[in-house]
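# Chains, contacts and geometry: an overview
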Amino acid sequence: SAVAKRLYRYLDKHFYHRHLLEYDLADLAFEHVGLSRDYEPWKVKQKLQPAITELEEKGYLEPLPSAKRYK
C-alpha cells in the first residue's frame, strides 16, 4: 500500500542506526507518512494499522499488540 511504502522508506533510513525507535504518533503520521492532520488519534492508528501489519508480515517490524505499540 502507499502508506506502507512511505512508512517503510522513512523507517528504513532510521533503523539503519538503531534496533528500537519511538516516535510521537502525530509527528510520524502527519510529518513523515503524509496522513491528513484532520484525523483524530484513534483514526490515525486505524489508518496506520494496515501498513504496520503489512510490514510485520514481511518481517520488517516486530509484531506487537496495540497496547505496546501505542503509548
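The rules we used
- Per-chain numbering applies: the sequence of each chain, read as written, is numbered from 1 onward.
- For this predicted model, a pLDDT threshold of at least 70 governs which residues receive local features, and a threshold of 80 or more governs which side-chain atom pairs are given and counted, while totals over whole chains, interfaces and linings are taken from all residues.
- Water and hydrogen atoms play no part in the side-chain values, which are based on all heavy atoms of the structure.
- Each helix is a run of DSSP H or I of at least 4 residues and each strand a run of E of at least 2, with the numbering of both proceeding from the N terminus.
- With the radius of gyration taken over C-alpha atoms, the globule rule is written as 2.2 Å times the number of residues to the power 0.38.
- When accessible area is computed with a 1.4 Å probe and restricted to protein chains, residues below 20% of their type maximum are described as buried, those above 50% as exposed, and intermediate ones as partly exposed.
- Only heavy atoms matter for contacts: two residues are in contact if any of them lie within 4.5 Å across the pair.
- Here the accessible surface of atoms and residues is derived via Shrake-Rupley with a 1.4 Å probe, and residues count as covered only by protein chains that are part of the display.
- Charged-residue counts in this description rest on Lys and Arg as positive and Asp and Glu as negative, His and the chain ends being excluded.
- To locate a charge, take atom NZ for lysine, CZ for arginine, CG for aspartate or CD for glutamate.
- Take the buried Ala, Val, Leu, Ile, Met, Phe, Trp, Tyr and Cys residues and link them wherever side-chain atoms come within 4.5 Å; each set so joined is a nonpolar core.
- Here a polar contact means two N or O atoms within 3.5 Å. Within protein one must be a hydrogen donor candidate and the other an acceptor candidate, and residues neighboring in sequence count only if both atoms are side-chain atoms.
- What makes a salt bridge here is a side-chain nitrogen of Lys or Arg within 4 Å of a carboxyl oxygen of Asp or Glu, nothing more.
- Confidence scores labelled pLDDT are given residue by residue by the predictor and lie between 0 and 100.

## What to know about the overall build of the chain
Helix and strand counts for the chain come out as four helices and zero strands. The N-to-C order of helical and strand elements in the chain reads α-α-α-α. In terms of C-alpha radius of gyration, the chain reaches 11 Å, essentially the compact-globule figure of 11 Å for 71 residues. Principal-axis analysis of the C-alpha atoms gives the chain an extent of 30 × 25 × 20 Å. Within the chain, buried positions represent 27% of all 71 residues. Sequence-distant contacts in the chain: of pairs separated by 6 or more residues, those separated by 24 or more amount to 40%. When the accessible surface of the chain is summed, it comes to about 5400 Å², and 51% of that surface belongs to carbon and sulfur atoms. In the chain, the 13 positive side-chain charges and the 11 negative ones have mean positions that sit 3 Å from each other.

## Section: the nonpolar core
One recurring pattern in soluble globular proteins: nonpolar side chains tend to sit buried together. By size, the foremost hydrophobic cluster in this structure holds 18 residues, and its most contacted members are Leu7, Val33, Leu35 and Leu48. Counting only elements with at least two residues in this core, the list comes to helix H1 (2-15), helix H2 (25-33) and helix H3 (41-57).

## Focus on the side chain of Glu56
Relative to the helices and strands, Glu56 resides in helix H3. Within the local environment of Glu56, its side chain forms a polar contact with the backbone nitrogen of Leu64, the two atoms lying 3.5 Å apart. In contact with Glu56, other than residues within four places in its own chain, are Leu61, Glu62, Pro63, Leu64 and Arg69.

## Some thoughts on the pattern of salt bridges
Evaluated as defined, the whole model comprises two salt bridges. With its nearest N and O atoms 2.0 Å apart, the salt bridge here joins Glu31 to Arg37. Classification of Arg37 as exposed rests on a relative accessible area of 55%. Among the salt bridges present, the one from Arg69 reaches Glu56, with a minimum N-O distance of 2.5 Å. Residue Arg69 is located in helix H4 (residues 66-69), and its partner Glu56 is located in helix H3; the two are separated by 13 residues in the primary sequence.

## Regarding the confidence of the model for the chain
Averaged over every residue, the pLDDT of the chain is 88; residues scoring 70 or more account for 100%. When mean pLDDT is compared element by element in the chain, H3 scores highest at 92, while H4 scores lowest at 86.

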